[in-house]
Amino acid sequence: DAQDTDLIPSPRPASPHPCDICGGPEQEHRLKVLFQVLDVNGDGGICVNDLTIGLKKLGVHRTEHELRKIVKAGDKDLDGQLDFEEFVHYLRDHEKKLRLVFKSLDKKNDGQIDSQEIMQSLCDLGVNISEEQAEKILRSMDKNGTMTIDWNEWRDYHLLHPAGNIPEIILYWKHSTIFDVGESMIVPDEFTAEEKKTGMWWRHLVAGGGAGAVSRTCTAPLDRLKVLMQVHASKSNSMRIAGGFSQMIREGGVRSLWRGNGINVIKIAPESAIKFMAYEQIKRLIGSNQETLGITERLVAGSSAGAIAQSSIYPMEVLKTRLALRKTGQYSGILDCAKHIFQKEGVTAFYKGYIPNMLGIIPYAGIDLAVYETLKNSWLQRFATDSADPGVFVLLACGTTSSTCGQLASYPLALVRTRMQAQATLEGGPQMSMSGLFRHIIRTEGPTGLYRGLAPNFMKVIPSVSISYVVYEYLKITLGVQSK
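Quick notes on the rules
Residues numbered from 1 in each chain as written. Predicted model: local features only at pLDDT ≥ 70, side-chain atom pairs only at ≥ 80, totals over all residues. Heavy atoms only, no water. pLDDT = per-residue confidence, 0-100. Contact = heavy atoms within 4.5 Å. Patch = residues over 30% accessible without salt bridge, like charges linked within 9 Å, V, L, I, M, F, W, Y side chains within 5 Å. Areas by Shrake-Rupley, 256 points an atom, 1.4 Å probe, with all protein chains shown as cover. Salt bridge = Lys/Arg side-chain N within 4 Å of Asp/Glu carboxyl O. Helix = DSSP H or I, 4+ residues; strand = E, 2+ residues; numbered from the N terminus. Core = buried A, V, L, I, M, F, W, Y, C linked by side-chain atoms within 4.5 Å. Buried < 20%, exposed > 50% of the residue type's maximum accessible area, 1.4 Å probe, protein only.

## Considering the confidence of the model for the chain
Caution applies to low-pLDDT regions: their predicted coordinates should not be interpreted in detail.
Move 1: In this model, the chain carries an average pLDDT of 77, and 78% of its residues clear a pLDDT of 70 or more.
Move 2: Every residue in residues 1-23 is under pLDDT 50, and counting partners more than four places away or in other chains gives 65 contacts.
Move 3: pLDDT under 50 marks residues 162-188. Its contacts with residues more than four places away, or in other chains, come to 99 contacts.

## Re a nonpolar patch on the surface
Move 1: Taken together, Ile249, Val254 and Trp258 make up a surface patch of nonpolar side chains, about 260 Å² in accessible area.
Move 2: Within the secondary structure layout, Val254 lies in the loop between helix 13 (241-252) and helix 14 (261-266).

## Quick look at the nonpolar core
Move 1: Among the nonpolar cores identified, the biggest contains 17 residues, and Leu38, Ile46, Leu51 and Phe87 are the most heavily contacted of them.
Move 2: Of all the elements in the fold, those that place two or more residues in this core are helix 2 (25-38), helix 3 (48-57), helix 4 (64-74) and helix 5 (84-105).
Move 3: Every residue in contact with Ile46, bar those within four places of it in the chain, is listed here: Phe35, Leu38, Asp39, Leu51, Val71, Gln81, Leu82 and Phe87.

## Considerations on the pattern of salt bridges
Move 1: Inspection of every chain in the model, using the stated rule, returns 10 salt bridges.
Move 2: The salt bridge involving Glu251 is made with Arg259; its shortest N-O contact spans 3.1 Å.
Move 3: Given a relative accessible area of 36%, Glu251 falls into the partly exposed group.
Move 4: Each of the salt bridges in this network shares a partner with another, and the network as a whole consists of Asp223, Lys226, Lys320 and Lys460.

Okay, structure coming up:
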């Protein structure tokens, strides 16, 4: 979006003043002038139409989708246009975000961004660009021909761009948040066009898959214990963690702790591939072609992609449960187990517990994403003074907390799903529907019965997040994905 004219026709001090953000009289005047220019029909409100014409006058070209986003972001009273107060509020909010981004790009801390700094920042994010490309980016923002960008140029260039979507920063957020917390992370990675072209995306997927495989294998004994507790624990047979482990080892030796892990690892590849492809398609259907999606769009696209992926590999979930619950010598392997189920119970057995599984995706994804975004944003507002990059540990903490809240909300559904998957293995046990099982568990064991196996489930969160993080970073380096 090359801009020839200055967005804001008003005198301005040469250096970025602190009052730029808190809004001194100078800024008040600047925004008033800008508001008058953009309010084409002079009715005291700026609608999408006004923005289109007004910005063209100023030599700024934005797509209708971007302009709609601006109006939607600032429109507090939902009348479809921005009055002066909303306009000022939107721009002040937006300037704060831009200030953070500017600071994090300004590596030398001299109040200017040059092409080297742009290259460096993108390189840190795993995107390599040539000096010419960096200069091209610079030239599009550079008004006074100095080949550096000061805060005013940066702000004017990005001011009327929908909030926060600075792909570099988002890129960083994206790739540092795809840890596999054992239960699948619902929102898949988004990749920029640049990464798709250079083939970086499959390396990220492979690194993510490898990390998932290692962390699942390391925490498999806890996972198997969780399944056993979900299915067998009851008031009369309360399994304790140590007791559960010793029972498994007595029954099948140390190796039996890893029952069901093989298929759990095998299903990572098809699941993440299907999820990634489905996510890309759904994004197109939603009709958002911009680099980064809004929260609700991400939730819808992510949940649907998760649901499609889960549906395609659901029989593997059933096999995993059956294999984890098997007794020594019951099945010779994955195929043998599948054959047995098919012969004895027919095809429908492979979709047992499918409904609670799908229902569980919704609260899990919704709560996970909402809590994650809330935590991340409150951290940013409170502590981010120098850059908009909170660092890996803050993201990990946000990710772990949000995933924990998501799991707590959807855990009863997961428990019912596991019980339904296991039903035929309990000889002569009644075949119950989802609601029947809920009622049965609450009647016989009370509400706590819905949370059996929660302890080993949470015990594996921290080791699995830490392991997958370390492995993910290590694999990224091995595969040649640049990373900090």
